[in-house]
Amino acid sequence: KIFYDVISHSELMLHSGFPEFIEQWLYNRLYPLVTRASRARNATATLENMQRSLDEAGISFTACMPIPPYLTFSDLKKARNLDSRIIPFTGIDFSAENDIGASLREDVAQGAKGLKLHPIIQRMPLNSRQTLAAIETFAAYDLPVLFHCGISSYYLPPEQKIREDATLGEIYYARDLVAAFPNVKFIAGHAGLFKYRDVIELLSSYPNVWVDTSIQSPAHVRELLRAFGPERVMYASDWPFGNRLPAIKIIKKACKGDAYLERRIFYENAASLLKMT
């Protein structure tokens, strides 16, 4: 339990209200509160709570992301068997000695609709030899690759110093990856968080890069739309770390009543990437 959920406070303001340099300063100052709030939310990530959140928000499908070895495609497959609204991605366990090609092939055959990479939690740079080799293998399936993008922390001291290098979320790592595979479709998770301007500067010129809007404000979403175009921006909530209803309100406010933009962001772009159309 926590005494104050700083994430809920930010969602109430639709992640708006402060200049960017103050937002980053506040995050750094409130880091322990953010981490404790994130962990408390993570503890609520049951299938029942996810189903309740989907019903509440009126969402028909949700893409769910693994982070091996902590959460795997096998876990998500079991959940999908209980609720067909779940669209499972697969992941790579860099900590295990296994045949990555065979593992990816099996997961795609069993319904994985994309690949998730988390360089910070998995402690594996996006431009590492291991990552590049994995993407070269996965490219054959013509499915999207979503990577965590931006500086964020997940541990509290003293564990933080031992287990985490938050700088692995820097955008230049992602630039190296997307440049190496122009035929692979990539999704920059959270549009880089506080580094969204770096995402715009370093990634928007690559036509194989999409962004999701989780944790971004309406004003930032409008900037992303100008940089990437309406065809490469997608709604996301990052549930359970972000709630779905505030994320929906952010898109509606950003779109200012433009039904075409809403259709694109809420489902058409994702449906096209996931081959659901």
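The structure presented is a predicted model; accordingly, all values stated were derived computationally and were not measured.

Colleague: Before we go on, may I ask you to explain the side chain of R244 in this structure?
Modeller: Position of R244 among the secondary structure elements: in helix 12 (residues 244-255). Salt bridges are absent for the buried R244, whose nearest opposite-charge side chain, E56, sits at 7.3 Å. Apart from the residues within four sequence positions on either side, R244 is in contact with M50, S53, L54, A57, I59, T62, Y235, S237 and W239.

Colleague: Just checking my understanding: could you explain the environment of A37 for this structure?
Modeller: Position of A37 among the secondary structure elements: in helix 3 (residues 31-42). Residues A37 and D5, spaced 32 residues apart in sequence, show a C-alpha to C-alpha distance of 5.3 Å. Apart from residues lying up to four places away in sequence, A37 is in contact with I2, D5, V6 and I7.

Colleague: Would you mind showing me how to read the sheet that holds strand 6 (residues 209-212) here?
Modeller: Spatial ordering of the open sheet is given by 3-4-5-6-7, a layout of five strands whose pairing is parallel. Because the sheet does not close on itself, it has two edges, and the strands there are strand 3 (115-117) and strand 7 (233-234).

Colleague: I'm lost on the pattern of salt bridges in this one. Help?
Modeller: Where charged atoms of side chains with opposite charge meet at close range, the side chains can pair. Applying the stated criterion across every chain, the model contains 14 salt bridges. Across the pair E223 and R197 runs a salt bridge, and its minimum N-O distance is 2.9 Å. Linking E223 in helix 11 (residues 218-228) with R197 in helix 10 (residues 196-203), this pair joins segments that are 26 residues apart in sequence. Using a relative accessible area of 18% as the deciding quantity, one classes E223 as buried. A salt bridge links E268 to R263, with the nearest nitrogen and oxygen atoms 3.5 Å apart. For E268, a relative accessible area of 27% translates into the label partly exposed.

Colleague: In this structure, what is going on with the side chain of K116? I would like to understand it.
Modeller: Summarising the element assignment, K116 is placed in strand 3. For the buried residue K116, which engages in no salt bridge, the nearest side chain bearing the opposite charge is D238, 6.1 Å off. In contact with K116, other than residues within four places in its own chain, are M65, P66, I67, F89, T90, G91, L146 and H148.

Colleague: What is the right way to look at helix 12 in this model?
Modeller: Each full turn of the α-helix corresponds to 3.6 residues, which orients residues three or four apart in the same direction. With 12 residues, helix 12 ought to run about 16 Å at 1.5 Å a step, and its terminal C-alpha atoms sit 17 Å apart, in line with that. Those residues of helix 12 that fall on the buried side of the exposure criterion are R244, P246, A247, I248, I250, I251, A254 and C255. Tucked into the core, helix 12 has its buried residues touching helix 1 (6-12), helix 4 (47-57), strand 1 (62-64), helix 11 and helix 13 (259-273). Phi for K256, located one or two positions after helix 12, is positive at around 55 degrees.

Colleague: Looking at this structure, I do not really get the nonpolar core. What am I missing?
Modeller: Among soluble globular proteins, nonpolar side chains are generally buried collectively. Counting residues in hydrophobic clusters, the biggest one holds 55 residues, and the most contacted among them are L117, I135, F147, F186, L203 and F228. The leading source of residues in this core is helix 12, at six residues. Contacts of L203, omitting those with residues within four sequence positions, involve I171, A174, R175, V178, A188, D198, V209 and F228.

Cut-offs applied
- Residues numbered from 1 in each chain as written.
- Predicted model: local features only at pLDDT ≥ 70, side-chain atom pairs only at ≥ 80, totals over all residues.
- Heavy atoms only, no water.
- Helix = DSSP H or I, 4+ residues; strand = E, 2+ residues; numbered from the N terminus.
- Buried < 20%, exposed > 50% of the residue type's maximum accessible area, 1.4 Å probe, protein only.
- Lys, Arg positive; Asp, Glu negative; His and termini not counted.
- Salt bridge = Lys/Arg side-chain N within 4 Å of Asp/Glu carboxyl O.
- Contact = heavy atoms within 4.5 Å.
- Pairing = 2+ DSSP bridges.
- Expected span 1.5 Å × (residues − 1).
- Core = buried A, V, L, I, M, F, W, Y, C linked by side-chain atoms within 4.5 Å.

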